[in-house]
Protein chains: 2
Amino acid sequence: MSAAAGPRPVSIFDVAKRAGVSHQTVSRVINDAPQVAAATRAKVKDAIAELGYRPNRSARALAGGALKSVTVLTTDTSLYGTAETLRGIEDAARAAGFSVLVSVMDPDQAYSEADLLGRLPHDGAAAIVIAHDETTVRAMRALHERQPGATVATCGEHQEDRDADWLISLDDRTVAARATRYLLDMGHRQVHYLAIPGTAGRRTGWSDALAAAGITAPAAVESGWSVAAAAEAATALVADPAVTAILCGNDDLAFGVLHAAHRAGRAVPGDLSVIGFDDYPLAAYHVPPLTTVDLDFRGVGRGAFERLRAMLEGGPDPRPSWRSPELIVRETSGPPRQ
Amino acid sequence: MSAAAGPRPVSIFDVAKRAGVSHQTVSRVINDAPQVAAATRAKVKDAIAELGYRPNRSARALAGGALKSVTVLTTDTSLYGTAETLRGIEDAARAAGFSVLVSVMDPDQAYSEADLLGRLPHDGAAAIVIAHDETTVRAMRALHERQPGATVATCGEHQEDRDADWLISLDDRTVAARATRYLLDMGHRQVHYLAIPGTAGRRTGWSDALAAAGITAPAAVESGWSVAAAAEAATALVADPAVTAILCGNDDLAFGVLHAAHRAGRAVPGDLSVIGFDDYPLAAYHVPPLTTVDLDFRGVGRGAFERLRAMLEGGPDPRPSWRSPELIVRETSGPPRQ
DNA sequence: GGTCACGCCGTGAGCGCTAACATTTCCTCG
DNA sequence: CGAGGAAATGTTAGCGCTCACGGCGTGACC
């Protein structure tokens, strides 16, 4: 929407008149169509430059041209994982000439299908859902059901969809099991889990590993997303001298636990081993540096976009190009003291 | 773009036929126009629901309806300040029924005006620039020059634009001076500054305060945006026993300094006081908790959107509704030891 | 009973662009 | 040198919607 005044923006016809050609020729030039004589092309380009013409995306979309836009649906763009995934999508989208629409949903609201679809610019529009919680997982499902071809979701947490070709996800389950196993191998008798809301993969990996070692998993401790919530949720756990190892749903929670442990006077990693998830940039520089899991969110965002694009344009399915999750052992984990 | 197959999406005409009215009446219903009989309205709404009709935004935009979209231009959506500002814009935009387009720019690239404008969906489109570095500041200027009415920029760093009505910004200069003054009042003889690239306000506030106290400011130490870069950039500073207080361009840098100080065996705040900027959620839970400055990015994002909307719709200029920057003293700052 | 007003609804045009087809131009070759 | 054909350009229609009108019916009022 143009503000207040300003003359009508220049259209393809203005350019055509200026260059002395038909509007269709101008269209061909701006779309790099082959069949245009070099001299004509130059004339048109000059006219475009002189007039400061810029194509109108709405008109283009309407006329049936390749729309080239993706809508990203998610709940919280300021969470590290989400922000990085978004970044990956944006990078890839920009490189491919797509524009990115971001639509943020309220994690506490139940959306109807209409609400969801209303967020897309038109029926059948391409979308990517960054799904970390119930709301987004539901959205991902609904969207996929409604428009099977044009939807891709990232980091979905539900096992049953894991292998679906429209879902891109990091295998946090296996690496959670690995992290748990690592703690067990260090000599810990039990590993506790501080859970972020709604992430099944990590939780399952943790209990799998415990089960494989013949250990009955304790109840996971539920936390909110924030550092504050984690510090709060972990106070009891941290105060219990029998607890020697805590796996956390992400690095924020790990920082919260570290904080709580410090308050409770428990030494890390002497009294307590703490492992996070996500490898925030800060993790390596925390005092002490945090043992965590590297998760290539940006790569997965790129991957999601590439997959979407392949679906859209019918190209071959691109090969996954992101790093596998990996445990990074730093200084908040070690053998139990005794 | 619709994927592969699928029948033509349902249009306003399909709904009209189904409801036995004209397309224009349908248009009136979906736009909540007043002059429609209740019975007709109900019929149309039923038809819409049965057919699963959803208006096409491109067509709407093209036909001259209120477009209701904002493009946000910025460099790095995963930086805390940027992410929060974006979040604020999104919240406000969603509430007003606007959709949000995000366009990420490369901080190391010089963009031509054409490049910049090409990121907007059409000529004269509304845009907000989140400007933290040179690239975005330049973009903000260029955009404002080209379409004075429809551009608002957030957190611009250049003094001369500070009072422009199209620029929303937090007064980090004054609070930087306050933080510096606070350190001086604690007894520090000198305050050093570790700078993020391109932020004039904080740097100026710092040197102002020093000058006001009759102290010659040392050269600011330049750092990159990352914790790693900060830790690296601060090594010499931290190793110098004469340095007792460091003000940092943001919390990431402060964490880097803290890390470097720890490595160098200097106690905080005993040997060294460190102050950050931004008040990351983590700052309060760091060990020790970080003294920093609360900056209401989310509020400023909201404010930027409201201002833009007022410009667009000609409403009254909304009153600023964000918190003023405030120094939050925690445990990384105190009097020098001796 | 005619006029006017008003509430409700329909018709036509056109936003800026692209797809499909029609037409012209120009070169090639027998 | 004229036919044939490809290359280059023009013409027309229409995407889905909104805007500006115009038309029709009902009721009020003189």
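The preceding data block contains the structure.
Since this is a predicted model, take the numbers as computed values, not measurements.

Conventions and cut-offs
Note on numbering: residues in each chain are counted from 1, in written sequence order. The order in which chains are written sets their letters, starting at A; the order in which ligands are written sets their numbers, starting at 1. The predicted origin of the model limits local features to residues at a pLDDT of at least 70 and limits the giving and counting of side-chain atom pairs to 80 or more, whereas totals for whole chains, interfaces and linings rest on all residues. To get the side-chain values, all heavy atoms of the structure are used, and hydrogens and water are removed first. We call a residue near a molecule or strand whenever a single non-hydrogen atom of that residue lies within 4 Å of it. Throughout this description, a polar contact denotes any pair of N or O atoms lying within 3.5 Å of each other; where both atoms belong to protein, one of them has to be capable of donating a hydrogen while the other can accept it, and for residues adjacent in sequence the pair is counted only when both atoms sit in side chains. Secondary structure elements follow DSSP: runs of H or I of four or more residues count as helices, runs of E of two or more count as strands, with numbering from the N terminus. For this scheme, ten residues count as nonpolar: Ala, Val, Leu, Ile, Met, Phe, Trp, Tyr, Cys and Pro. Four count as charged, namely Asp, Glu, Lys and Arg, and the remainder, Gly too, count as polar. Only strands joined by at least two bridges in the DSSP assignment are considered to pair. The salt bridge criterion pairs a side-chain nitrogen of Lys or Arg with a carboxyl oxygen of Asp or Glu, the two atoms within 4 Å. Only protein chains enter the area calculation, which uses a 1.4 Å probe; residues under 20% of their type maximum are buried, those over 50% are exposed, and those in between are partly exposed.

Caption draft 1: How the structure looks around the protein's contact with DNA strand C. In the vicinity of DNA strand C, 28 residues are found, and the nearest of them are A:I12, A:S27, A:Y53, B:T25 and B:T40. Restricting the count to atoms of DNA strand C within 4 Å of the protein gives a sugar and phosphate share of 58%. At a separation of 2.8 Å, a phosphate oxygen of DNA strand C approaches a polar side-chain atom of A:N31. A distance of 3.4 Å is found between a base nitrogen of DNA strand C and a backbone nitrogen or oxygen belonging to A:A59. Counting residues per element, the ones that place at least two in the surface near DNA strand C are helix 1 (12-19), helix 2 (23-30) and helix 4 (57-62) of chain A together with helix 2 (23-30) of chain B. Residues of the surface near DNA strand C, tallied by class, amount to 13 nonpolar, 12 polar and 3 charged.

Caption draft 2: Molecular detail of the sheet that holds strand 7 (residues 221-222) of chain B. Residues and elements named next belong to chain B. An order of 7-6-8-9 is seen for the 4 strands of this open sheet, with the pairing classed as parallel. Because the sheet does not close on itself, it has two edges, and the strands there are strand 7 and strand 9 (273-275). Pairing between strand 8 (residues 245-248) and strand 9: 3 bridges, direction parallel. In the sheet register, A245 faces strand 9, and the bridge partner there is S273.

Caption draft 3: Up close: the pattern of salt bridges. A complete count under the given rule lists 35 salt bridges over all chains for this structure. For A:D271, the salt bridge is made with A:R337, and the minimal N-O distance between the two is 3.0 Å. Of this pair, A:D271 sits in the loop between helix 12 (251-263) and strand 9 (273-275) while A:R337 sits in the segment after strand 11 (326-328), and the two are 66 residues apart along the sequence. Looking at A:R337, the relative accessible area reads 62%, which means it is exposed. Taking the shortest distance from any N to any O, the salt bridge between B:R181 and B:D185 comes out at 3.1 Å. One end of the pair, B:R181, and the other, B:D185, are both in helix 8 (residues 172-185), 4 residues apart, so they sit about a helical turn from each other. Residue B:R181 is classed as partly exposed on the basis of its relative accessible area of 49%. Sharing partners across several salt bridges, the network here consists of A:R54, B:E113, B:D123 and B:R146.

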